[in-house]
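Listed below are the residues making up each chain.
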Amino acid sequence: MGYKCVYFLCLIIVANLAFSQQNSVFNNHSFQPFDRYVYNADNRFHTSIKPYNMIDVAKIVSFDTLFMCNTGNKYADYILNKDIFSFSKGNFNFSINPACNFEYSQDLDDTVNGWTNTRGLIIESDITNKVHVFTAFYETQSRFRDYRNDRIEELGQRTIPGQSRAKPFGDDNQADDYAFADAYISFNPDSIFGFQFGHGKHFIGDGYRSLLLSDNAMNYPYFKITTNIWNIQYVNMWSQQYYVDFPHAPNSRYPKKWNVMHYLDWSVTKWFNIGIFETIIWQNEDSSGVYRGFEFNYLNPVIFLRPVEFSVGSPDNVLMGLTGKVTLWKNHVFYGQLAIDEFKISEMKARNGWWGNKYALQAGYKTFDIAGVKHLDFQTEVNYVRPFMYSHFTYSQQYGHALQSMAHPRGSNFYESVSFIKYNYKRLFIEAKYLYLVHGQDTVGSNFGNNIFKLYTTRSQEYNNKTGKSAIENIVQYKDITVSYLVHPPSNTTISAGISNRSAISELNSKQQMMYFIALRSSLQNFYYDF
């Protein structure tokens, strides 16, 4: 019952604060219309903290300027421009919009098609211009007939990437039934502090991937404080996740764990940002089943966490990192991340592949308006994650949630390159993607540090752990072209069609798939299927 008391306390605190704060609905990587404006060096915007606060975005670019079209018909306006249902009176605003994902997909070598059927609602409200409330719910049935089904089986517990556990749907053994919920309530007492209590996901970094905190895993409850002082934005977040224990008793809840995160982003100059990240994960109950609950030593929002963690004699999992961004000639952005789990300098110097040297690196580049072509953009990045990164010696403290990584969807022991070319004309979006990934695959009887949910005490070897290597080396190439038309901006609903090719080659198996899809969907989240 301890976590319920903390949630209730947070709700009481924020319910007495004021001013609205709205998260951007354009969180999907394929639809980021604000990036070219917020990344401009003339605007000291803290781009590494997502989702964006639309109040801050509105100071730079108007949403209406980007997407509103003149229909001359009030009924067409509701379909193409406005909320489907809205009510305003005085300082009270309320809106409802539908959300959906009706997708048909087909593997060209398969006679059976895949499909997704999602129905949902998005409800928002501003009260006295001081409180913003958002809630959304999605009910989904789907059948994956391609490599995505392989990944679902690999994750276990019928876990849908980025969403939740599923139950069988109908008589089809490959059809799933699952739900997805997202909600928050936000307040700002002034221009300095922002408070948000909700159930969702977050992202730290300027890249397509984040090696510190990504939106890969399913939603989780959190309480977040955002502080803006001078050219610094500081984020504190306390959240709760769950983990799958082994063995797991039937018809029982999964055990919980806690997470506290600090992230400071400093705009040193208009063209240079640097960020400092730290997080600690601890279990709700210790190894003997004794209840521990929320650790109040981690409640201080301005203290360095590592000394506190050490002082209480805890074996909690600590992850630290740095981010950086350099913007040259206004729209050429170079960015990167360093994440450190643990390491020994002597072992690093020895260059012997010691398992305990656990770190991750990212280097990337993005630019806008290539060769003077307006809205033609390019992005490329490289990610390198050492074996056993994000893992731990207890199931309760891996850096994951519900069998999904809180960082990169591939886990660890891999390197990859991923690149995009994008073009946007008014409401038309075109994106081409190429990914090259090399990862060392763990098997039932081995642990070479790819699966972060395996205890690192079960490692197959002490030394000679090379990134991307294991008993089974996998090389994945993923190519994708997608064309989308934005139909309804308030819900980011698009008509999309695309074709993708994925090849996975290893010593044991080689598999290549070509597939196409067509969809009407509300692209409010990132669901990473390029793994």
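Below, the structure is looked at part by part. Residue numbering note: each chain is counted from 1, following its sequence as written. Where local features are concerned, this predicted model is filtered to residues with pLDDT of at least 70; where side-chain atom pairs are given and counted, the filter is 80 or more; whole-chain, interface and lining totals use all residues. For the side-chain quantities, the full set of heavy atoms in the structure was used; hydrogens and water were omitted.

1. Concerning the nonpolar core
Thought 1: What is meant by a nonpolar core is a set of buried Ala, Val, Leu, Ile, Met, Phe, Trp, Tyr and Cys residues, joined one to another through side-chain atoms within 4.5 Å. Residue exposure (1.4 Å probe, protein chains only): buried if accessible area is under 20% of the type maximum, exposed if over 50%, otherwise partly exposed. Of all hydrophobic cores here, the largest spans 76 residues; its most connected members are Phe34, Leu213, Phe277, Tyr390 and Tyr399.
Thought 2: Contacts: residue pairs with any heavy atoms within 4.5 Å of one another. The residues contacting Phe34, other than those within four sequence positions of it, are Ser24, Phe26, Met54, Val57, Val61, Phe63 and Leu66.
Thought 3: With 15 residues, the next largest nonpolar core counts Val131, Phe187, Phe223 and Trp258 among its residues.

2. Here we look at empty space enclosed by the protein
Thought 1: Only protein atoms enter the 1 Å grid, on which a cavity is a set of points fitting a 1.4 Å probe that cannot get out and a pocket is an open set with protein on both sides within 12 Å along at least 5 of 7 lines, lining residues being those with an atom within 4 Å of a point. Grid points are joined across faces, edges and corners, and a volume is the space filled by probe spheres set on the points. What the rule picks out here adds up to six cavities of 30 Å³ or more.
Thought 2: Considering only enclosed or pocket space, the largest cavity measures out at about 820 Å³ in volume.
Thought 3: Looking at the largest cavity, it is lined by 41 residues, and the ones nearest its centre are Asn28, Glu103, Arg521, Phe527 and Tyr529.
Thought 4: Runs of E in the DSSP output that reach at least two residues are strands. Runs of H or I that reach at least four are helices, and both are numbered from the N terminus. Considering every element that reaches the lining of the largest cavity, the biggest residue donor is strand S24 (residues 510-522), with five residues.
Thought 5: Under the grouping applied here, Gly and all other residues not named as nonpolar or charged are polar, the nonpolar ones being Ala, Val, Leu, Ile, Met, Phe, Trp, Tyr, Cys and Pro and the charged ones Asp, Glu, Lys and Arg. For the lining of the largest cavity, the class distribution of residues is 17 nonpolar, 17 polar and seven charged.
Thought 6: Approximately 480 Å³ is the volume attributed to the second largest cavity.
Thought 7: As for the second largest cavity, its lining consists of 34 residues, and the residues nearest its centre are Ser24, Asn27, Lys50, Pro51 and Leu524.

3. A word on the side chain of Thr116
Thought 1: Topologically, Thr116 is positioned in strand S4 (residues 114-127).
Thought 2: Among the residues examined, Thr116 registers a relative accessible area of 10% and is labelled buried.
Thought 3: Aside from chain neighbours lying at most four places away, what touches Thr116 is Asn101, Phe102, Glu103, Thr140, Gln141, Ser142 and Phe144.

4. Here we look at the environment of Pro255
Thought 1: With respect to the element layout, Pro255 can be found in the loop between strand S11 (232-242) and strand S12 (256-269).
Thought 2: On the accessibility criterion, Pro255 (14% relative accessible area) is buried.
Thought 3: Along the primary structure Pro255 and Tyr178 are separated by 77 residues, whereas in three dimensions their C-alpha atoms are 20 Å apart.
Thought 4: Among residues more than four places away in sequence, those in contact with Pro255 are Gln241, Tyr242, Tyr243 and Asp245.

5. Considerations on the layout of surface pockets
Thought 1: By volume, the largest pocket amounts to about 750 Å³.
Thought 2: In terms of lining, the largest pocket is formed by 29 residues, of which the most central are Gln22, Phe63, Asp83, Glu124 and Asp126.
Thought 3: Among the elements of the structure, helix H3 (54-58), helix H4 (63-67), strand S2 (85-89), strand S3 (92-107) and S4 are those that each provide at least two residues to the lining of the largest pocket.
Thought 4: Grouping the constituent residues of the lining of the largest pocket by class yields 12 nonpolar, 12 polar and five charged.

6. Re helix H6 (residues 147-155)
Thought 1: Within the span of H6, buried status applies to Tyr147, Arg148, Asn149, Arg151, Ile152 and Leu155.
Thought 2: The first or second residue beyond H6 is Gly156, which carries a positive phi of 90°.

7. So, the pairing of S24
Thought 1: Pairing between strands is defined by DSSP: at least two bridges between the two strands are required. With seven bridges joining them, S3 and S24 adopt antiparallel strand pairing. Counted as the bridge partner of Asn101 is Arg521 from S24.
Thought 2: Relative to S24, strand S23 (residues 493-505) is paired through 13 bridges, and the arrangement is antiparallel. Residue pairing across strands places Ala504 opposite Lys511, the latter belonging to S24.
Thought 3: Remark: four residues form the turn of the hairpin made by S23 and S24, two consecutive strands paired antiparallel.

8. Notes on the pairing of strand S16 (residues 358-367)
Thought 1: With eight of 10 residues buried, S16 is to be regarded as a mostly interior element.
Thought 2: Here 10 bridges tie strand S15 (residues 332-342) to S16, and the two strands are oriented antiparallel to one another. Across the sheet, residue Leu338 finds its bridge partner in S16, namely Leu361.
Thought 3: Inspection of the sheet shows S16 paired to strand S17 (residues 376-385) by eight bridges, in the antiparallel sense. Within the sheet, the bridge partner assigned to Gly364 lies in S17 and is Glu381.

9. Brief notes about the pattern of salt bridges
Thought 1: Salt bridges are counted wherever a side-chain nitrogen of Lys or Arg sits within 4 Å of a carboxyl oxygen of Asp or Glu. Applying the stated criterion to the full structure yields 20 salt bridges.
Thought 2: In this structure, the salt-bridge partner of Arg145 is Asp110, at a minimum N-O distance of 2.9 Å. With Arg145 in the loop between strand S5 (131-143) and H6 and Asp110 in the loop between S3 and S4, this pair connects stretches of sequence that are 35 residues apart.
Thought 3: Asp110 gets classed as buried once you look at its relative accessible area, which sits at 17%.
Thought 4: Between Glu431 and Lys422 there is a salt bridge whose closest N-O contact spans 3.8 Å.

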